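Coordinate analysis (summary)
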Amino acid sequence: MNIRALVKPNVRRLSAYEAKEIPCRVKLDANESPYGFSFFKNIPTNRYPDPEAKELKTTLAKQLKLKSKNILVGNGSDELIYYLVTTFGGAVLYPTPTFSMYGIISKALGEKTIEIPLDPSFDLNMKKILDAIKKHKPKLLFLSSPNNPTGNCFSTERILMLIEKSKGIVVVDEAYQPFSSERGFIPFLKDYKNLLIMRTLSKIGLAALRVGFLIGDEEVINEVNKVRLPFNLNSISQALAVRALKDKKQMRSAISSIVSERERLSKELAEIKGVMAYPSEANFILFKVKNPEKVYAGLLKKGVLIRNMKGVINGCLRVTVGSKKENDIFLRALREVL
Ligand code: PMP
């Protein structure tokens, strides 16, 4: 696959901003202040961040058994979506309902969007997507799997078929992969140059840091890197993300608590009359009630804030899996409101 041909001509001609690190005794090249603040022992606040986020990429690469050159870090995956649309342009295809930023960013950048409704079991509607691929030749396909807000993974065979049939880049957004029972798409990277995987640390306890990352073929990563702002990830986020990733025990135990609470919450919801909860592979559960507006408002009156999916999937509400105590408060409030 000719990746360069897929890149927008204006980006194709660009070279990435070069930020060489030259060892020195006195650093007077970047108009920084010599005076920093000592909030953090090992983070010189007066210096610009490492533009390549080397330590963070090495840490991620080691844990995922990849190479640093296959990783690009962003200020959250939101920023990476922005970079992808900037690099490749439209048309941009995604199923609906899904994560809203694919559409918002594509439209903000003036690109054409193609929205294909999911089938009744919330899986990819292959006939419609394949027809749209033929007709519009999208440069980018965004597939959130597990999908936000439906909570399910799309079928692996269907995603693989789209990677094979599409002449564009297929981005599998695995923001919720840590909570899923499926293996995800990293094992398929070696087979497909047009496959990119997007992950984030936001759902696993580090939303405040804004760290997302793209994984893919070196050539694709290098093209996207051309539009990346040089210091897109601040020094504090880089340093804390490395520390958190190295604390595998805490990370794993938080994920497994969330997964077991999700299972408990699903079971409890199934027993409540008037509630129809959809299965979830993520850290949230989508459920249907007769009177979503009233239920949403009633819960909020009791101090419990969930997401009203009005206009996205009518009749549905989405609850994030919290701690055992939070989930119990939610369940009691829901029973009372109903
Ligand atoms: N992808 C999906 C599917 C999401 O649901 C979200 C967050 N709601 C994101 C990406 C954004 O993640 P980040 O915090 O890394 O920007």
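The structure we're discussing is the one just above.
Overview of the structure. Owing to the predicted nature of the structure, the values given are computational and were not obtained by experimental measurement. (Residues numbered from 1 in each chain as written. Predicted model: local features only at pLDDT ≥ 70, side-chain atom pairs only at ≥ 80, totals over all residues. Heavy atoms only, no water.)

So, the site of the ligand
Quick reminder of the rule: The near set for a molecule or strand comprises every residue that places at least one heavy atom within 4 Å of it. Distance and chemistry together define a polar contact, namely a pair of N or O atoms within 3.5 Å, with one atom able to donate a hydrogen and the other to accept it when in protein, and with adjacent residues in sequence counting only for side-chain atoms on both sides. A 1.4 Å probe and the Shrake-Rupley method give the accessible areas. Residues count as covered only by the protein chains that appear here. Counting from the N terminus, the helices are DSSP H or I runs at least four residues long and the strands are E runs at least two residues long.
Inspection of the region around the ligand gives 14 residues, with Ser77, Asp173, Thr200, Ser202 and Arg210 positioned closest. A distance of 2.6 Å separates an oxygen atom of the ligand from a polar side-chain atom of Ser202. Out of a free accessible area of 400 Å², the ligand has 90% covered by protein chains. No other element matches helix α4 (residues 76-88), which puts three residues into the shell around the ligand.

Brief notes about the nonpolar core
The condition is simple: Take the buried Ala, Val, Leu, Ile, Met, Phe, Trp, Tyr and Cys residues and link them wherever side-chain atoms come within 4.5 Å; each set so joined is a nonpolar core. Using a 1.4 Å probe on the protein chains alone, a residue whose accessible area is under 20% of its type maximum counts as buried, one over 50% counts as exposed, and one in between counts as partly exposed. Boundaries between domains were set according to an automatic or database domain assignment. Contact between two residues is taken to exist if any of their heavy atoms lie within 4.5 Å; hydrogens are not considered.
Ranked by internal contacts, the top residues of the largest apolar core, which has 76 residues, are Leu56, Leu124, Phe185, Leu195, Phe287, Phe330 and Leu334. Structurally, this core is a two-domain feature, drawing no fewer than three residues from each of domain 1 (3-246) and domain 2 (249-337). Residues contacting Leu56, with those up to four places away along its chain left out, are Val73, Val211, Leu233, Gln238, Ala241, Val242 and Leu245. The next biggest cluster of nonpolar side chains, apart from the first, holds 26 residues, and it includes Tyr83, Phe88, Leu214 and Ile221.

Brief notes about the layout of surface pockets
Space left empty within the atom packing is revealed by a probe, the size of a water molecule, rolled over the atoms. Selection criterion: As defined here, a cavity is a set of points on a 1 Å grid over the protein atoms alone where a 1.4 Å probe fits but cannot get out. A pocket is an open set with protein on both sides within 12 Å along at least five of seven lines, and residues line them when an atom is within 4 Å of a point. Grid points are joined across faces, edges and corners, and a volume is the space filled by probe spheres set on the points. Each residue gets one of three labels, nonpolar for Ala, Val, Leu, Ile, Met, Phe, Trp, Tyr, Cys and Pro, charged for Asp, Glu, Lys and Arg, and polar for the others, Gly among them.
In this model, the largest pocket occupies a volume close to 930 Å³. When residues of the lining of the largest pocket are traced back to their parent elements, those giving at least two are α3 (54-64) and α9 (235-246). It is α9 that contributes the most residues to the lining of the largest pocket, six residues altogether. For the lining of the largest pocket, the per-class residue count stands at 18 nonpolar, three polar and 12 charged. Around the second largest pocket, the lining comprises 18 residues; the ones closest to its centre are Gln63, Leu64, Ile204, Met251 and Ile255. Elements that contribute at least two residues to the lining of the second largest pocket include exactly α3, β6 (195-200) and α10 (248-271). It is α10 that provides the largest number of residues to the lining of the second largest pocket, a total of five residues. Class assignment of the residues belonging to the lining of the second largest pocket gives a composition of nine nonpolar, four polar and five charged. Inspection of the lining of the second largest pocket shows a minimum of three residues originating in each of domain 1 (3-246) and domain 2 (249-337).

Some thoughts on the environment of Leu299
Mapped onto the elements, Leu299 comes out in helix α11 (residues 292-301). Along the primary structure Leu299 and Gly322 are separated by 23 residues, whereas in three dimensions their C-alpha atoms are 15 Å apart. Those residues in contact with Leu299, other than ones at most four positions away along the chain, are Val304, Ile306, Phe330, Ala333, Leu334 and Val337.

Comments concerning unusual backbone geometry
With omega at 5°, the peptide bond leading from Gly90 into Ala91 counts as cis. As for its placement among the helices and strands, Ala91 is situated in the loop between α4 and β2 (92-96). Residues other than glycine seldom take positive phi values, yet Asn31 does so here, at roughly 55°. Its identity is not glycine, yet Lys65 carries a phi of approximately 55°, on the positive side. As for its placement among the helices and strands, Lys65 is situated in the loop between α3 and β1 (71-74).

A word on the packing of α4 against helix α5 (residues 101-108)
Applicable threshold: Helix axes are fitted to C-alpha atoms over the stretch in contact, other axes to C-alpha atoms as well, and angles between N-to-C directions run from 0 to 180 degrees. Any angle that falls under 35 degrees is termed roughly parallel, while one over 145 is termed roughly antiparallel, one within 65 to 115 roughly perpendicular, and all others oblique. It is the rotation of the near helix from the far one that decides the hand of a crossing: anticlockwise by less than a right angle makes it left-handed, clockwise makes it right-handed.
Closest axis-to-axis distance for the α4/α5 pair is 10 Å, and the angle between their directions is 45°. It follows that α4 is oblique to α5 by the angle criterion. Where α4 crosses over α5, the two elements pack in a sense that is right-handed. Mapping the contact onto sequence places Asp78, Ile81, Tyr82 and Val85 in α4 and Met101, Tyr102, Ile105 and Ser106 in α5. For the contact of α4 with α5, the per-class residue count stands at six nonpolar, one polar and one charged.

Let's talk about α10
For an α-helix the count is 3.6 residues per turn, leaving residues at separations of three or four pointing the same way. Put simply, the test is: Each helix should span, by expectation, one fewer than its residue count multiplied by 1.5 Å.
Across its 24 residues, α10 extends 35 Å between first and last C-alpha, which sits within 8% of the 34 Å expected from 1.5 Å per residue. For α10, the set of buried residues is Met251, Ile255, Ile258, Glu261, Arg262, Leu265 and Leu269. The elements touched by buried residues of α10 are α9, β8 (275-277), β9 (284-289) and α12 (324-337).

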